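Read off the chains here:
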Amino acid sequence: MKFDFAFAMEIFPQVLQGIGNTILVAIASFIGASVLGFIWEILRRSSRFVRPVAQLWIDAIRSTPVLVQLYFLFFVLPHYGIVLPAMLTGVLGISVYFSGYIAEVFKAGIDAIPRGQSEAASSLGLSRPDTIGYIIMPQMLRNIAAPLGAYSVSILKSTPYLAVLAVPEMLGSAFDVASETYRYAEPMVVAGILFLALAMIGVALVTRLERRLGLTPAKDL
Amino acid sequence: MTPIHELSVHNNAQDTMQAPAIQIENLSKWYESFRALTDVNLTIAYGERIVICGPSGSGKSTLIRCINQLEVHQKGRLVVNGVTLVPGMKGLSAIRRDVGMVFQHFNLFPHLTVLDNCTLALRRVRKLDRREAEAVAHANLERVRIPEQADKYPSQLSGGQQQRVAIARALCMKPKVMLFDEPTSALDPEMINEVLDVMTLLAQDGMTMVCVTHEMGFARKVADRIVFMDQGQIVEQAPPSEFFTNPKHERAKLFLKQILH
């Protein structure tokens, strides 16, 4: 069977249908993973009793396959009366999985801030939440813009896992075409090209953000 | 325009406080097996200017960092502005806001302008609104002779300018005591004087100051008392006239010989 360019063009709109969900899942998961990752990292830096638990949790998240986590959420949680829509389950699964990695990114970003910064904040009488919000966070975000951007692309590329939960995203749309027509090459190539395009747009946005962060430091308190 | 003298810090040693600004009794601190401070006793009155000197590793920085609890002591009594500081206590920020600190490496907030560096704590800790905070900040930037740099970022300033901003930032909080931890050690030689001049000005205004410094010219001119430390202990205390001409302790004699060549 030869690759049929005309057929690829014909099914393009059908595969494209999934792109909305793909983008939605990617953005929601990125936000979810960032928030969770930040929480894990703050817990890891809190009291010495919480620290080992947080560390174990972060390691556990990173040491199990994302597919296993997704299946766990999708098939096991309902046994305990927790029934979530497939899409939400997917977002939750990807968020949790990547939060383990993003916690490490936050760690590196915070470690790179000189100790003198929080000492200066303390010496002015700033509270701990204010020190985190006004001193640590803004400097950390600057340090981690690049690795965080890289993870946003990784998250985008992980959205096809949701196909196993029958969430209608881009790979799912491609599969639908494939199972209707028994042709796999064209829908997969189309899906691949669309992912490539999305990822490149993502990278371009991150680069722009980095440049802006580098050139004009944040102005507002 | 509010006159500068009303906005700036005024020490009221005369009217209110009989009690000392800082009282240190038998203070000890150690890291693992290393003793950083051993039974340090020091009382500092409001309005007094103390210069702490001594060879490196003698515990000077540790001592003044204990005063605002950036370092926690293990033993002894420490009373700052009438509050007894207990290791691990809550509510430290209430004490720290009245104790200004200037660091060797400035520690300005690089993501904030000079003005915002000065106003952040005024707004978040003193709860002033933006306009009030900026008025205080401008007055103090004026005081350290750098009013025209308010909208720049720290990285756009020279080392001397940055340190003066750091002093202004601390002064904005109207501290009752100012701590200086080797404020000129990280500066190029030609910038040291602009910082020392500002510190001298502060001293003339009656600010209570505790300075760890190797600048003996400054010490001679400004200090009421020189505290000489060695191996975590205070080995000699004397007014500068006495300390520089007639040091008692062998270690102090050696130190002065080396530093004054």
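Per an unreviewed UniProt entry, chain B goes by the name Amino acid ABC transporter ATP-binding protein and belongs to Allomesorhizobium camelthorni. We quote the UniProt Sequence similarities (unreviewed entry) comment for chain B here in full: "Belongs to the ABC transporter superfamily."

If you check an unreviewed UniProt entry, chain A appears there as Ectoine/hydroxyectoine ABC transporter permease subunit EhuD from Allomesorhizobium camelthorni. Turning to chain A, the UniProt record has this under Sequence similarities (unreviewed entry): "Belongs to the binding-protein-dependent transport system permease family. HisMQ subfamily."

Peer 1: Help me get a handle on the UniProt feature "transmembrane region" (unreviewed entry) in chain A, residues and values and all.
Peer 2: Residues and elements named next belong to chain A. Following the UniProt record, one finds the feature "transmembrane region" (unreviewed entry) at residues 23–43, 55–76, 82–103, 144–167 and 187–206. Secondary structure across residues 23–43 comprises 100% helix and 0% strand; the distance between its end C-alpha atoms is 30 Å. Secondary structure across residues 55–76 divides into 86% helix and 0% strand, with the first and last C-alpha atoms of the span separated by 24 Å.

Peer 1: For the UniProt feature "domain: ABC transmembrane type-1" (unreviewed entry) in chain A, give the residues involved together with the corresponding values.
Peer 2: Mapped onto this numbering, the UniProt entry annotates "domain: ABC transmembrane type-1" (unreviewed entry) at residues 19–207 of chain A. Secondary structure content for residues 19–207 of chain A is 80% helix and 0% strand, and the end C-alpha separation is 23 Å.

Peer 1: Lay out the pattern of salt bridges with the relevant residues and their values.
Peer 2: Overall, the coordinates contain 25 salt bridges over all chains when judged by the stated rule. One salt bridge in this structure joins B:Arg164 and B:Glu194, with 2.9 Å as the shortest N-O distance. Of the two residues, B:Arg164 sits in helix H6 (residues 159–172) while B:Glu194 sits in helix H7 (residues 189–204), which places them 30 residues apart along the sequence. Note on B:Arg164: relative accessible area 9%, which makes it buried. Here the salt bridges share partners, and the residues they tie into one network are A:Glu41, A:Arg44, A:Arg45, A:Asp59, A:Arg62, A:Glu104, A:Lys107 and A:Asp111.

Peer 1: An account of the sheet that holds strand S8 (residues 208–212) of chain B is requested, with residue identities and associated values reported.
Peer 2: Remark on secondary structure: sheet strands pair via backbone hydrogen bonds, oriented parallel or antiparallel. Residues and elements named next belong to chain B. Read from one edge to the other, the open sheet built from 6 strands follows the order S6-S7-S8-S3-S9-S10, with strand pairing classed as mixed. Strand pairing shows two members of the sheet lacking a second neighbour, strand S6 (99–102) and strand S10 (233–238), which therefore form its edges. Here the average twist between neighbouring strands, direction ignored, is 20 degrees. With 4 bridges connecting them, S6 and strand S7 (residues 177–181) associate as parallel partners. Bridging from a neighbouring strand, Gly100 pairs with Met178 of S7. Relative to S8, H7 is tilted by about 145 degrees, and along the sheet it contacts strand S3 (49–53), S7 and S8.

Peer 1: Quick rundown of the layout of surface pockets? Include the residues and the values.
Peer 2: For the largest pocket, the calculated volume is near 1,100 Å³. As for the largest pocket, its lining consists of 31 residues, of which A:Ser118, A:Glu119, A:Ser122, A:Arg128 and A:Thr131 are closest to the centre. Mapped by element, the contributors of at least two residues to the lining of the largest pocket are helix H2 (19–44), helix H5 (86–111), helix H6 (115–123) and helix H7 (128–158) of chain A together with helix H3 (92–96) of chain B. Here the lining of the largest pocket is built from residues that sort into 14 nonpolar, 10 polar and 7 charged. Computed from the structure, the second largest pocket encloses a volume of approximately 550 Å³. If you go around the second largest pocket, you meet 21 residues; those closest to its centre are A:Phe30, A:Ser152, A:Gly202, A:Leu205 and A:Val206. Among the elements of the structure, H2, H7 and helix H9 (185–215) of chain A are those that each provide at least two residues to the lining of the second largest pocket.

Peer 1: Please give an account of the pairing of strand S1 (residues 22–31) of chain B that cites residues and values.
Peer 2: Residue and element names in this part refer to chain B. Sheet topology note: the S1/strand S2 (residues 34–44) ladder contains 7 bridges and is antiparallel. Bridging across to S2, Tyr31 finds its partner in Phe34. The pairing of S1 with strand S4 (residues 75–80) spans 5 bridges and is classified as antiparallel. By the bridge assignment for S4, Ile24 is matched with Leu78.

Peer 1: Any chance you could break down the interface of chain B and chain A for me, citing the residues and the numbers?
Peer 2: Counting residues at the interface gives 28 residues for chain B, matched by 22 residues for chain A. Approximately 2,200 Å² of surface area, both sides summed, lies buried where chain B meets chain A, with 59% of it carried by carbon and sulfur atoms. Among the residues chain B hides against chain A, the three largest losses belong to B:Phe109, B:His111 and B:Arg124. Together they make up 28% of the total. At the surface where chain B touches chain A, the tally comes to 2 salt bridges. Note that B:Arg124 and A:Asp130 form a salt bridge whose closest N and O atoms lie 3.0 Å from each other. Along the contact surface separating chain B from chain A lie 7 residue pairs in polar contact (both at pLDDT 80 or more). Counting residues per element, the ones that place at least two in the side of chain B that touches chain A are H3, S6, helix H4 (114–124) and H6 of chain B. No other element matches H4(B), which puts 6 residues into the side of chain B that touches chain A. The residue makeup of the side of chain B that touches chain A, split by class, is 14 nonpolar, 6 polar and 8 charged.

Cut-offs applied
Residues numbered from 1 in each chain as written. Chains lettered and ligands numbered in written order. Predicted model: local features only at pLDDT ≥ 70, side-chain atom pairs only at ≥ 80, totals over all residues. Heavy atoms only, no water. UniProt positions renumbered as here; feature names shortened; annotations may be inferred. Helix = DSSP H or I, 4+ residues; strand = E, 2+ residues; numbered from the N terminus. Salt bridge = Lys/Arg side-chain N within 4 Å of Asp/Glu carboxyl O. Buried < 20%, exposed > 50% of the residue type's maximum accessible area, 1.4 Å probe, protein only. Pairing = 2+ DSSP bridges. Axes fitted to C-alpha atoms, helices over the stretch in contact; angles between N-to-C directions. Contact = heavy atoms within 4.5 Å. 1 Å grid on protein atoms, 1.4 Å probe; cavity = no way out; pocket = protein on both sides within 12 Å on 5 of 7 lines; lining within 4 Å. Points joined across faces, edges and corners; volume = space filled by probe spheres on them. Nonpolar A, V, L, I, M, F, W, Y, C, P; charged D, E, K, R; others polar. Buried area = accessible area lost by both parts, 1.4 Å probe. Polar contact = N/O pair within 3.5 Å; in protein donor to acceptor, adjacent residues only side chain to side chain.

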